[in-house]
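The residues making up each chain are set out below.
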Amino acid sequence: MRINEEKNKCWNLENITLGTCYYPEHWDSTLWRDDLKRMKEHGIQVIRIAEFAWNKFEPREGEFNIGWFDPFMKIAEEENISVIFCTPTATPPAWMTEKYPEILNADAQGNLYRHGMRRHYNYTSGKYWELSRRLIHKLAVHYCSYSNVIGWQLDNEINCEIAEFYGESDHKAFRNYMKVKFETLDNLNDKMGTTFWNQTYTDWEEIHLRRHTLRGFNNPHMELEAKRFISYAAYMFLKMQADAIRPYLKNGQFITTNGIFPNVDYQKLVPEVLDFITYDNYPNFSYGLDANPRKEGDLKDRNSSFNLARVRSISPVFGIMEQQSGPGGWNQSMLQPMPKPGQMRLWTMQAIAHGADYIGYFRWRTCGYGTEIYWHGLNDYSNEPNRRLEELKFIYEDTKRLNKADLAGARCQARYAVLRDYDNDWDGAEDKMYGPLADKSMDGWFRAFQNNHIPFDFYYWRDETSAKDLEQYDVLIYPHPAILTKERADILREYMEEGGCVIFGSRTGYKDEYGRCPMRPMPGFAGELCGVHVKDYTLLGPDDDMEYVVWDGESVEALWFNDILEPTEGGEILGVFKNNYYDGEPALIRKHVGNGWGYYFGGGFSENAANVFIRKLGMKSVPYLKNVPKEVETVLRSKTIMIQKDGTEVVRNYLFLLNYTKEEKQVELDRELEDILHDEKVNGCVKINGYGVRCLVWEEM
Ligand code: GAL
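Each value, and the rule that gives it
- Residues numbered from 1 in each chain as written.
- Predicted model: local features only at pLDDT ≥ 70, side-chain atom pairs only at ≥ 80, totals over all residues.
- Heavy atoms only, no water.
- Helix = DSSP H or I, 4+ residues; strand = E, 2+ residues; numbered from the N terminus.
- Rg over C-alpha atoms; globule rule 2.2 N^0.38 Å.
- Contact = heavy atoms within 4.5 Å.
- Areas by Shrake-Rupley, 256 points an atom, 1.4 Å probe, with all protein chains shown as cover.
- Lys, Arg positive; Asp, Glu negative; His and termini not counted.
- Charge placed at Lys NZ, Arg CZ, Asp CG, Glu CD.
- Pairing = 2+ DSSP bridges.
- Axes fitted to C-alpha atoms, helices over the stretch in contact; angles between N-to-C directions.
- Left-handed = near helix turned anticlockwise from the far one by under 90°.
- Nonpolar A, V, L, I, M, F, W, Y, C, P; charged D, E, K, R; others polar.
- Parallel < 35°, antiparallel > 145°, perpendicular 65-115°, else oblique.
- Salt bridge = Lys/Arg side-chain N within 4 Å of Asp/Glu carboxyl O.
- Buried < 20%, exposed > 50% of the residue type's maximum accessible area, 1.4 Å probe, protein only.
- Near = heavy atom within 4 Å.
- Polar contact = N/O pair within 3.5 Å; in protein donor to acceptor, adjacent residues only side chain to side chain.
- Domains from an automatic or database assignment.
- Arc of directions from axis to C-beta.

Visitor: In this structure, what is going on with the overall build of the protein chain? I would like to understand it.
Guide: Scanning the protein chain from N- to C-terminus turns up 18 helices and 26 strands. In summary, the protein chain has a C-alpha radius of gyration of 26 Å against a globular reference of 27 Å for 701 residues, a match within 12%. Considering only residue pairs separated by 6 or more positions, the protein chain has 74% of its internal contacts joining residues 24 or more positions apart. When the accessible surface of the protein chain is summed, it comes to about 27,800 Å², and 49% of that surface belongs to carbon and sulfur atoms. Between the centroid of the 83 positive side chains of the protein chain and the centroid of its 105 negative side chains there is a distance of 3 Å.

Visitor: Looking at this structure, I do not really get the sheet that holds strand 19 (residues 586-593). What am I missing?
Guide: Sheet strands associate in pairs through backbone hydrogen bonding, adopting either a parallel or an antiparallel arrangement. Spatially, 11-10-12-13-20-19-18-15-16 is the arrangement adopted by the nine strands of the open sheet, whose pairing is mixed. The open sheet terminates on both sides in strands that have one partner only, identified here as strand 11 (456-460) and strand 16 (554-557). Within this sheet the neighbouring strands show an average axis-to-axis angle of 25°, counted without direction. Relative to strand 18 (residues 572-578), strand 15 (residues 548-551) runs antiparallel, the two sharing four bridges. Across the sheet, Val550 pairs through a bridge with Val576, a residue of strand 18. In this fold helix 10 (residues 303-312) packs onto strand 10 (416-420) and strand 11, with an angle of close to 50° to the strand it touches most, strand 11. Packed on one face of the sheet, helix 16 (residues 486-497) meets strand 10, strand 12 (475-478), strand 13 (501-504), strand 19 and strand 20 (596-601) and runs near 135° to strand 13.

Visitor: Hey, could you run me through the packing of helix 11 (residues 343-353) against helix 12 (residues 387-404) in this one?
Guide: The geometry of a pair of packed helices is captured by two quantities: the angle between their axes and the separation between those axes. Look at helix 11 against helix 12: their axes get within 9 Å of each other, and the N-to-C directions meet at 35°. The handedness of the crossing between helix 11 and helix 12 comes out as right-handed. Where helix 11 abuts helix 12, its residues Gln343, Met344, Arg345, Thr348, Met349 and Ile352 lie against Arg388, Glu391, Leu392, Ile395, Asp398 and Leu402. Here the contact of helix 11 with helix 12 is built from residues that sort into six nonpolar, two polar and four charged.

Visitor: Help me understand the packing of helix 6 (residues 168-182) against helix 8 (residues 220-245) in this model?
Guide: Between helix 6 and helix 8, whose axes approach to 10 Å, the crossing angle comes to 105°. Here helix 8 runs roughly perpendicular to helix 6, going by the angle between their axes. Contact residues: helix 6 offers Asp170, Ala173, Phe174, Tyr177, Met178, Lys181 and Phe182, while helix 8 offers Met222, Glu225, Ala226, Arg228, Phe229 and Tyr232.

Visitor: Sorry, what's going on with the pattern of salt bridges here?
Guide: Between side chains of opposite charge, a pair can form when the charged atoms approach closely. Summed over all chains, the structure comprises 53 salt bridges. The partner of Asp552 in a salt bridge is Lys616, and the shortest N-O contact between them spans 3.4 Å. Residue Asp552 is found in the loop between strand 15 and strand 16, and its partner Lys616 is found in helix 18 (residues 607-616); the two are separated by 64 residues along the sequence. Residue Asp552 is classed as exposed on the basis of its relative accessible area, which comes to 62%. Connected through shared salt-bridge partners, Arg33, Lys37, Lys40, Lys74, Glu78 and Glu79 make up one network.

Visitor: For this particular structure, what's the right way to read the site of the ligand?
Guide: For the ligand, the full set of nearby residues is Phe52, Arg118, Asn156, Glu157, Asp280, Tyr282, Glu322, Trp330, Phe362, Glu372 and Trp375. A distance of 2.9 Å separates an oxygen atom of the ligand from a polar side-chain atom of Asn156. About the coverage of the ligand: the protein hides 94% of its 300 Å² of free accessible area. For the shell around the ligand, a count of residues per class yields five nonpolar, one polar and five charged.

Visitor: Sorry, what's going on with the pairing of strand 22 (residues 632-642) here?
Guide: Note on strand geometry: in a regular strand, side chains alternate between the two faces of the sheet. Extensive coverage of strand 22 is indicated by the burial of nine of its 11 residues. In this sheet, strand 22 lies alongside strand 9 (residues 411-412) in antiparallel orientation, the contact comprising two bridges. Directly across from Cys412, in strand 22, lies its bridge partner Arg637. Both strand 22 and strand 23 (residues 649-659) contribute to a ladder of 11 bridges, which runs antiparallel. Bridge pairing links Arg637 to Tyr654 in strand 23. Joining the antiparallel neighbours strand 22 and strand 23 is a turn of six residues, in which Gly647 adopts a positive phi near 90°.

Visitor: What is the right way to look at helix 11 in this model?
Guide: Side chains that are three or four residues apart share a direction in an α-helix, a result of its 3.6 residues per turn. Across the 11 residues that make up helix 11, a large majority, 11, are buried. Residues Gln343, Met344, Arg345, Leu346, Trp347, Thr348, Met349, Gln350, Ala351, Ile352 and Ala353 constitute the buried set of helix 11. Taken from the residues just after helix 11, Gly355 is the one with a positive phi, measuring 120°.

Visitor: Can you help me understand the side chain of Arg652 in this one?
Guide: With respect to the helices, strands and loops of the structure, Arg652 is situated in strand 23. By relative accessible area, Arg652 is classed as buried at 15%. At 2.6 Å, the side chain of Arg652 forms a polar contact with the side chain of Glu699. Arg652 has contacts with Ala405, Asp406, Arg637, Ser638, Lys639, Ile641, Val697, Trp698 and Glu699, leaving out every residue within four places of it along the chain.

Visitor: Would you explain the environment of Gln324 in this entry?
Guide: Considering the arrangement of structural elements, one finds Gln324 in strand 7 (residues 318-324). Overall, Gln324 belongs to the buried group, its relative accessible area being 0%. Separated by 37 residues in sequence, Gln324 and Tyr361 place their C-alpha atoms 6.1 Å apart. For Gln324, the side chain forms a polar contact with the main-chain nitrogen of Asn284, separated by 3.1 Å.

Visitor: Teacher, can you tell me more about the domain arrangement of the protein chain here?
Guide: By convention, interface size is frequently given as the accessible area that disappears when the constituent parts associate. Split into domains, the protein chain comes out as domain 1 (16-107 + 117-162 + 238-406), domain 2 (416-616) and domain 3 (625-700). The straight-line distance from the C-alpha centre of domain 2 to that of domain 3 is 34 Å.

Visitor: What is the right way to read the environment of Val549 from this model?
Guide: Positionally, Val549 belongs in strand 15. We classify Val549 as buried; its relative accessible area is 0%. Discounting residues that sit within four places of it in the chain, Val549 has contacts with Glu554, Ser555, Val556, Ala558, Gly575, Val576, Phe577, Ala587 and Phe601.

Visitor: What am I meant to see in helix 3 (residues 70-78) here?
Guide: For helix 3, the full list of buried residues reads Phe72, Met73, Ile75 and Ala76. In an axial view of helix 3, the angular spread of the buried residues amounts to 160°, which keeps them on one side of the axis. Taken together, the buried residues of helix 3 touch helix 1 (32-41), strand 2 (44-49), strand 3 (82-86), helix 5 (126-143) and strand 4 (149-153). Looking one or two residues beyond helix 3, the residue adopting positive phi is Asn80, at roughly 65°.

Visitor: Honestly, unusual backbone geometry in this entry has me stumped. Any pointers?
Guide: In this structure, the amide linkage connecting Val270 to the following residue, Pro271, adopts the cis form with an omega of 20°. Along the chain, Phe362 connects to Arg363 via a cis peptide bond; the corresponding omega equals -15°. Looking at the secondary structure, you find Arg363 in the loop between strand 8 (356-362) and helix 12. If you check the backbone angles, Asn383 has positive phi at about 70° while not being a glycine. Examined against the element boundaries, Asn383 turns out to sit in the loop between strand 8 and helix 12. Taking relative accessible area as the criterion, Asn383 reaches 22% and is therefore assigned partly exposed. Of note, the phi angle at Tyr624 is positive, near 70°, even though the residue is not glycine. Looking at the secondary structure, you find Tyr624 in the loop between helix 18 and strand 21 (625-626).

Right under this line is the structure:
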């Protein structure tokens, strides 16, 4: 296996497994058994329950009915359905928010978020910790002993809906966090640059998260610390929950949470608090009316592939806790079209292709009341048979075929990775110089990799990341790490010395870990790695937008922000700028470091720029494929399989071809492979139906 398993924990299922989200509390108990029976007929073996059910367990303060789910659990046990049980902290009950308003989150002006939505609490209120821990402890004691409980989901979608916290307890906890981190006010004042605009603190009590400020602005270094603090607070809140459950876990029960959202360091949560991560996958947001959709034919549907690559960087093999199975719609927003025939299956296979071994559909039945009244599940309001349930039967048959070929546990394969880290993600969210640039470049590389059918990973730095961890990749793209510490630059040098190649873009290395710009030559610690000095730089205005670079006579876009370069020791000029006041000045420099290379490109990476790098560096697509249309995605999973009793091993490869359009598409193969979804051998010109999927398998020694 490629990755150190301890750091990248996985969901170790023996088979690709289907599940659904079920809400016994929404339905008359006379429906329960019939629902579970029908689930089984459609291949569903697992349900997730109870994530919003605090009221059922504690209808009034201190009055417990912990066994409220017992009658349901008994039926689930009889029907042989496995259960993922949840802690219900995402929706505190009305009696609590009324009596203890200190548990509520607030906006920066201090206005409390009141009852009526969800996730309106904060992670730091002592009272919320006390009430949550008390309930979770009781739930763990009670429900861990069920033989069909396979694991726990903590809370629901941590930091979804809101990823900022300004309750009174948050200000206080932030103050303590800053005290522990900086120890003295002098140190804090220095690191936070408070001399500027007379922000110097003279007493710890003066320290707050952002409050009502003019134009909503705040000291940028404090804002970066605030994000680190929110991640820490979320970590501590989930750790408190996991600690309350862990002593009672039985028979390999796991602890996870669902979704990835801003201001959370998931690489720390897994493995320290969670056994693995699960993701909530709603591809229709790429089509939806109000969620920033991609344009028709413009990698539609692939937002999910982008996100799933991120999920994989946390847990290489994971589960989908919520997979879209109907159109979305809240009473006031997010209205989406119905998945077309075939799309539900396509989206399921997309998740599986990217490393999901569990697919839990959201939700079994559409709820006829509440905020999510228009958010459809597998069953409609009527509970009558429908097209989506029919499609689920096909999906179930597909999973049987995948299981026959032993897919579960196979890891996605990629020789190239985009390197990311939370310091730059979070500082970049505030820094308008490189934050938007980083987003655009990420999109440029994503499009280029997708359209060239080159599998890639995101790799997130962990505290303990070493050059050895990085060596699984031939090329690392680190687009715009404004914050690049000496320690990380040293790890990259080691990686390069061993033959690795790193590509940096403009704005690299000009900040320190507090987001300040120290007095030193740019690009900081990347300078020596690439033999480069940045002697001038500029944001490109509307008149500069067609800026380009000439590399071996070829034009390359160098959009959005230009670093104008000069070579230092070992630096070799590969390309020069055209079209601006720095016409003819170096734009691309590389350096040989040990057996590897460092490239510095003085621009952002549009798809065009990324394409040129892909070509010049000879980055490769998956084997045996020729002429794959852009509308078809290719994803490769592989695993080592013992084929004979004598211990002979082979690597089995599973190549998924996903057609995201309604029209039939064709690819060309240059050897015979087995399509395990259609149970046929294919070679040469291979057709993929509209919204169709193929999974081609081959083995190698
Ligand atoms: C998810 C959430 C579910 C449900 C779903 C559809 O974000 O976890 O509880 O709300 O979206 O809106």
